[in-house]
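The residues making up each chain are set out below.
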Amino acid sequence: MRKTLVLLVASLLSPLVGAATLDDIRFAELPNQRFEVRLTFNEAPPEPQGYTIETPARIVLDFPDVVSELKERRYPLAFDNGKSALVLTSGDRTRLILNLENLSTYQASVDGNSYVVEVGASQPGAAATPSRTSVTSNAVQTRQASSGQQEVAAIDFRRGDQGEGRIIVDLSSNAISAQMRDTASGLRVRFSDTFIPQALRRRLDVMDFATPVSIISADSDDGDVVLDVSAEGDYDYLAYQTDNRYVISVKPLTPAEKAEQERLFEYTGSRLSFNFQDIEVRAVLQIIADFTELNLVASDTVQGRITLRLDNVPWDQALDMVLKTKGLDKRQVGNVLMVAPAAEIAERERQELSTKRQLEELAPLRTEYIRISYANAQEVFEIAMGGESGSRQSNNQGANYTLLSERGHAVVDERTNSIIVTDTVDRVEAFKRLLQEIDVPIKQVMIEARLVIANKDFREELGVRWGGVGASLGDNALLEIGGSVDGLDSDPGTPFDFIYGGGSMELNENMMVDLGVQNPVGSIAFGLLTDNAFLDLELSAMEYNGYAEIVSQPKVITGDKQQAKISTGSEIPYQEASASGATAASFKEVVLELDVTPQITPDNNIIMDLIIKKDLLAEFNQEFGVPIIDVTRVSTKVLVNDGQTIVLGGIFEMEQLTGVDKVPFLGDIPYLGRLFRRDVVNQEKSELMVFITPRIMSDELTQ
């Protein structure tokens, strides 16, 4: 039975025993909207079977007898025509899927243990026939620059505009494979099967450039070129290749970027690397203690051995992995690190708590009288006692939080605004420290509001006034005509008479119709005098412009988060009928009121809940006998800088009146009727604006 099981397992694993592995995948941007995908295997890659799909646009390559060792399956692409790449392993094959914006041609080639796919190749059609190359290590070590083989042509360093260090490596070919990884001191880049001239095998000190990069070292290692970049501080890096140029950009992190990285990755210790086979746990702990310069105390029960291979990981992460693997835990006090089994540490802490509780039960009690200076003693007491207003609060069976022990109690003396507390020395001191943090003066805020009502009036009148003095019609003739035109004459109701008798006609002064303006600002007059008549014509015009401001400026001072209200005005009495039919006096308020609750933010800005009222008495309603009140209200919540003035809102109103006064029939005559009419244009504009200005008062003014 056992033999059969072994044969069954062997038959299942036989397809994978000799399978190649896909160890790495890299992407690089090329000119002319092209990009490269480089797949690195543990041996020479097999010939893939490929096909393309137009909708959706895809390039698919199947590698037979290949198993993927990649940690990720999906890789987003930031190229013009590239969307993403997928690497999937199923059975005895691995599939590469390139998702594109638009289907494009591609070329493929084999470079040692790498398979290179160039998407967007200039030559149309399917994949070109890959060419295989293989060079032994000895041959690589002895080749020279003149042989035409792959080599590093130049290494340069520059400082970027944002303080980043840029390492620029010029290569002899764009097919050179580059692999980058983190190290304890920075970065390491390995260029496979590449030669570096002796002149470039050197150490560059670039610390004076004020970038995270301090040292750049280039050398040859077993036929490869190794570039070590030493970086200091908090940094991030980016590597990309364009044609024959490979660029590494090491950028310092801003405080915001550093905080974001710490939020995503909780380990912040210096990085180190481990590679141990079957080493004692106590020896690993000692290495970490030496690296961090911490004092180590390990329990006698810390035993066992462990195998580690950690490359460039934070020391606190490495320590946690070792402790979790062996069921251990740690406690750090100052620079002393204590390591023991987790159960042992938990039992020790339980015993310490039990001992501390017994000491509290036996410790002597002390009474203290604590004077509260700025806050209310009762409110402070309730905060310290966990919200309970009684003299003490038990904390048995998970009761609410309290600073007092089971033996302690406290009472409030409202007359002296003090708290009398009795408890052990430690609890009393803790109670006093809390009160020192709470009993502080609150900041004062002065809020000034301004209500501005701007009026702009326009009035225009145009009219004509006619007048006659007298005329003679002969002897024994008298004709008298009388009447008045109210509202049109300069003296409304003045009669005018036309008298004929005894052969004569007498006209009183200004007896004709007057369409002029009262008290005109300017006038034009002319007269015509003959033997029997006097006629004068006066043309007057007036234009009136007015602009007025009614400013209400309430001002109030209050504390942080304390509501304040200030109002002024009057009460208007009026008669109101009661249910019995009798009348009684009632009152309506006409007030200017400011109601505000400020809140000071940590950065000295002010959040305000505002209610502003502005009332005006308009008139009494004669029918109902009640006053009519013009009401203006503003209710809002705003955030304002200290001392800044902000406009909360505005209301714009405009009223325009056009009227005509004229003599019947005469005023309707075309053109001539202008002499017997008056045109009036009246325009009123009103705008209400509300301004608010908060100011945080200095401590010197409030003390």
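Quick caveat: nothing in here was measured; it's all calculated off a predicted structure. (Residues numbered from 1 in each chain as written. Predicted model: local features only at pLDDT ≥ 70, side-chain atom pairs only at ≥ 80, totals over all residues. Heavy atoms only, no water.)

Chemist: Residue-level account of the overall build of the protein chain, with values.
Modeler: Summing up its helical and strand segments, the protein chain has nine helices and 42 strands in all. A total of 703 residues make up the protein chain; the buried ones form 35% of that total. By sequence separation, contacts in the protein chain at least 24 residues apart represent 60% of the contacts at least 6 residues apart. When the accessible surface of the protein chain is split by element, carbon and sulfur atoms take 50% of a total near 41800 Å². (Helix = DSSP H or I, 4+ residues; strand = E, 2+ residues; numbered from the N terminus. Buried < 20%, exposed > 50% of the residue type's maximum accessible area, 1.4 Å probe, protein only. Contact = heavy atoms within 4.5 Å. Areas by Shrake-Rupley, 256 points an atom, 1.4 Å probe, with all protein chains shown as cover.)

Chemist: Explain the pairing of strand S26 (residues 409-413) residue by residue, including any values.
Modeler: Taken together, the five bridges between S26 and strand S27 (residues 418-423) define a ladder with antiparallel strand orientation. Residue pairing in the sheet places Ala-410 in a bridge with Val-421 of S27. Between S26 and S27, which pair antiparallel in sequence order, lie four residues; one of them, Asn-417, sits at a positive phi of approximately 55°. (Pairing = 2+ DSSP bridges.)

Chemist: Give a description of the sheet that holds S27 that names residues and reports values.
Modeler: The three strands are arranged S25-S27-S26 in an open sheet whose pairing can be described as antiparallel. Each edge of the open sheet is held by one strand with a lone partner, namely strand S25 (366-371) and S26. Between one strand axis and the next, the sheet turns through 15° on average, direction left out of account. Taken strand by strand, helix H7 (residues 377-384) contacts S26 and S27, and its axis lies near 160° from that of S26. (Axes fitted to C-alpha atoms, helices over the stretch in contact; angles between N-to-C directions.)

Chemist: Go over helix H4 (residues 281-292) with me, naming the residues and quoting the values.
Modeler: Taking 1.5 Å per residue as the helical rise, H4 with its twelve residues ought to reach 16 Å, and the 17 Å between its terminal C-alpha atoms agrees with that figure. Residues Val-281, Val-284, Leu-285, Ile-288, Ala-289 and Thr-292 constitute the buried set of H4. The arc enclosing the buried residues of H4, seen along the axis, measures out at 140°, which places them on a common side. Positive backbone phi, approximately 60°, marks Glu-293, located one or two places after H4. (Expected span 1.5 Å × (residues − 1). Arc of directions from axis to C-beta.)

Chemist: Residue-level account of the sheet that holds strand S21 (residues 295-298), with values.
Modeler: The three strands are arranged S21-S24-S23 in an open sheet whose pairing can be described as mixed. Only two strands of the sheet have a single partner each, and these edge strands are S21 and strand S23 (328-333). Taken over all neighbouring pairs, the strand axes of this sheet differ in orientation by 20° on average, direction set aside. Of the strands in this sheet, S23 and strand S24 (336-341) are in contact with helix H5 (residues 315-325), which crosses S23 at around 135°. Running at roughly 110° to S24, helix H6 (residues 342-362) makes contact with S23 and S24 of the sheet.

Chemist: Explain the packing of H7 against helix H8 (residues 425-438) to me, and be specific about the residues and the numbers.
Modeler: Running from amino to carboxyl end, H7 crosses H8 at an angle of 125°, the nearest separation of the two axes being 11 Å. In terms of axis orientation, H7 runs oblique to H8. Remark: the crossing between H7 and H8 carries right-handed chirality. Facing H7, whose interface residues are Val-380, Ile-383 and Ala-384, H8 presents Phe-431, Leu-434, Leu-435 and Ile-438. Residues of the contact of H7 with H8, tallied by class, amount to seven nonpolar, no polar and no charged. (Parallel < 35°, antiparallel > 145°, perpendicular 65-115°, else oblique. Left-handed = near helix turned anticlockwise from the far one by under 90°. Nonpolar A, V, L, I, M, F, W, Y, C, P; charged D, E, K, R; others polar.)

Chemist: Describe the packing of H4 against H5, naming the residues involved and giving the relevant values.
Modeler: Taken N-terminus to C-terminus, the directions of H4 and H5 make an angle of 165°; their axes are 11 Å apart at the nearest point. One element, H4, and the other, H5, form an angle in the roughly antiparallel class. At the point where H4 passes H5, the crossing takes the left-handed sense. Between H4 and H5, the contacting residues are Val-281, Val-284, Leu-285, Ile-288, Phe-291 and Thr-292 on the first element and Trp-315, Leu-319, Val-322 and Leu-323 on the second. Looking at the contact of H4 with H5 residue by residue, the class counts come to nine nonpolar, one polar and no charged.

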